[in-house]
Amino acid sequence: MTGSRPYAPLVERLNEAGLRPTRQRLALAKLLFDPGNRHVTAETLHAEAQGANVRVSLATVYNTLHKFTQKGLLREVIVEAGHSYFDTNMGDHHHFYFEATGELQDVAGSAVEVARLPEPPAGHRLGRVDVVIRLQPKK
Ligand SMILES: [Zn+2]
């Protein structure tokens, strides 16, 4: 790799999100955003980082994923208590969750229609509705 040139678009992306483009953040952003839309967990991203010789602790990976999510670069999909995926696809979509394998697959936003929602509690407005459709293998 020569200089910081391949990182220029990522530096800009982090700056625009209000995040200081540290070396670790850039390395993780490259792993996250270069391959296109994907779902990662902190553990899978940490393993990828190690495979790419990026020295970063699992705690830093967690913190970075949550920071990126807070700043709107990622979307967190909670499939079970304590089990989150981080999604690089910020477009309108929902998910199939394969319970047997733990995999997540995108479903087009237009494929899901939410017919009725409760009134939000006082002082709140509706934000986003995330639909996770849980799949089980046929018997
Ligand atoms: Zn997704």
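Our subject in this report is the structure included herewith. These numbers come from a predicted model, not from an experiment.

At this site the zinc ion is bound by His-39 (NE2), Asp-87 (OD), His-93 (NE2), His-95 (NE2) and Asp-106 (OD), with donor distances of 2.0 to 2.2 Å. Counting residues between consecutive donors of the zinc ion along the chain gives the motif H-x47-D-x5-H-x1-H-x10-D. One end of the pair, His-39, is in strand S1 (residues 39-40); the other, His-93, is in strand S4 (residues 93-98), and 54 residues separate them in sequence.

Next up on the list: the packing of helix H2 (residues 23-33) against helix H3 (residues 42-51). Viewed as axis vectors pointing N to C, H2 and H3 meet at an angle of 110 degrees, and their least axial separation amounts to 10 Å. Between H2 and H3, the angle is such that the two are roughly perpendicular. Together, Leu-28, Leu-31 and Leu-32 of H2 and Leu-45, Glu-48 and Ala-49 of H3 make up the contact between the two elements.

Turning our eyes to something else, we now look at H3. What sets the pattern is the α-helix's 3.6 residues per turn: residues three or four places apart point alike. Of the residues making up H3, those classed as buried are Ala-42, Leu-45, His-46 and Ala-49. Here the buried residues of H3 occupy an arc of 105 degrees about the axis, which is enough to place them on one side.

In a packed pair of helices, the relevant descriptors are the angle between the two axes and the axis-to-axis distance. Two numbers describe how helix H1 (residues 8-16) lies on H2: the axes approach to 10 Å, and their chain directions differ by 105 degrees. By the angle between their axes, H1 is roughly perpendicular relative to H2. Together, Leu-10, Val-11, Arg-13 and Leu-14 of H1 and Arg-25, Leu-26, Ala-29, Lys-30 and Phe-33 of H2 make up the contact between the two elements. A class-by-class count of the residues in the contact of H1 with H2 yields six nonpolar, no polar and three charged.

Turning to the nonpolar core, a few remarks are in order. By size, the foremost hydrophobic cluster in this structure holds 24 residues, and its most contacted members are Leu-32, Phe-33, Leu-45, Leu-65 and Phe-68. The contact partners of Phe-68, leaving out residues within four places of it in the chain, are Leu-14, Leu-19, Arg-25, Ala-29, Leu-32, Phe-33, Leu-73 and Leu-74. Among the nonpolar cores identified, the runner-up in size contains five residues, and Val-77, Tyr-85, Tyr-97 and Leu-104 belong to it.

This paragraph deals with the pattern of salt bridges. All chains considered together, the criterion is met by four salt bridges. Arg-38 serves as the salt-bridge partner of Glu-48, at 2.5 Å between the closest nitrogen and oxygen. Here Glu-48, found in helix H3, pairs with Arg-38, found in the loop between H2 and S1; they are ten residues apart in sequence, far enough to count as distant. For Glu-48, a relative accessible area of 29% translates into the label partly exposed. Among the residues examined, Arg-38 registers a relative accessible area of 19% and is labelled buried. Two residues, Arg-75 and Asp-130, come together in a salt bridge whose shortest N-O distance is 3.1 Å. Of the two residues, Arg-75 is situated in strand S2 (residues 75-80) and Asp-130 in the loop between strand S5 (103-108) and strand S6 (132-135); the sequence distance between them amounts to 55 residues.

This part is about the packing of aromatic side chains. Counted by the stated rule, this structure contains one aromatic pair. Plain terms: the ring middles of Phe-33 and Phe-68 are 6.2 Å apart, the flat faces sit at 20 degrees to each other, and that makes the pair stacked. Here Phe-68 lies in helix H4 (residues 58-70) and Phe-33 lies in helix H2, a separation of 35 residues in the sequence. Residue Phe-33 is classed as buried on the basis of its relative accessible area of 12%. The ring of Phe-33 carries the charged tip of Arg-13 above its face, separated from the ring centre by 4.1 Å. Directly above the aromatic system of Tyr-7 lies the positively charged group of Lys-30, at a separation of 5.5 Å from the ring centroid.

Thresholds applied
- Residues numbered from 1 in each chain as written.
- Predicted model: local features only at pLDDT ≥ 70, side-chain atom pairs only at ≥ 80, totals over all residues.
- Heavy atoms only, no water.
- Donors = N, O, S within 2.8 Å, 3.2 Å for Na, K, Ca; no water.
- Helix = DSSP H or I, 4+ residues; strand = E, 2+ residues; numbered from the N terminus.
- Axes fitted to C-alpha atoms, helices over the stretch in contact; angles between N-to-C directions.
- Parallel < 35°, antiparallel > 145°, perpendicular 65-115°, else oblique.
- Contact = heavy atoms within 4.5 Å.
- Buried < 20%, exposed > 50% of the residue type's maximum accessible area, 1.4 Å probe, protein only.
- Arc of directions from axis to C-beta.
- Nonpolar A, V, L, I, M, F, W, Y, C, P; charged D, E, K, R; others polar.
- Core = buried A, V, L, I, M, F, W, Y, C linked by side-chain atoms within 4.5 Å.
- Salt bridge = Lys/Arg side-chain N within 4 Å of Asp/Glu carboxyl O.
- Phe/Tyr/Trp six-rings, centres within 6.5 Å; stacked < 30°, edge-to-face > 60°.
- Lys NZ or Arg CZ within 6 Å of the ring centre and 35° of its normal.

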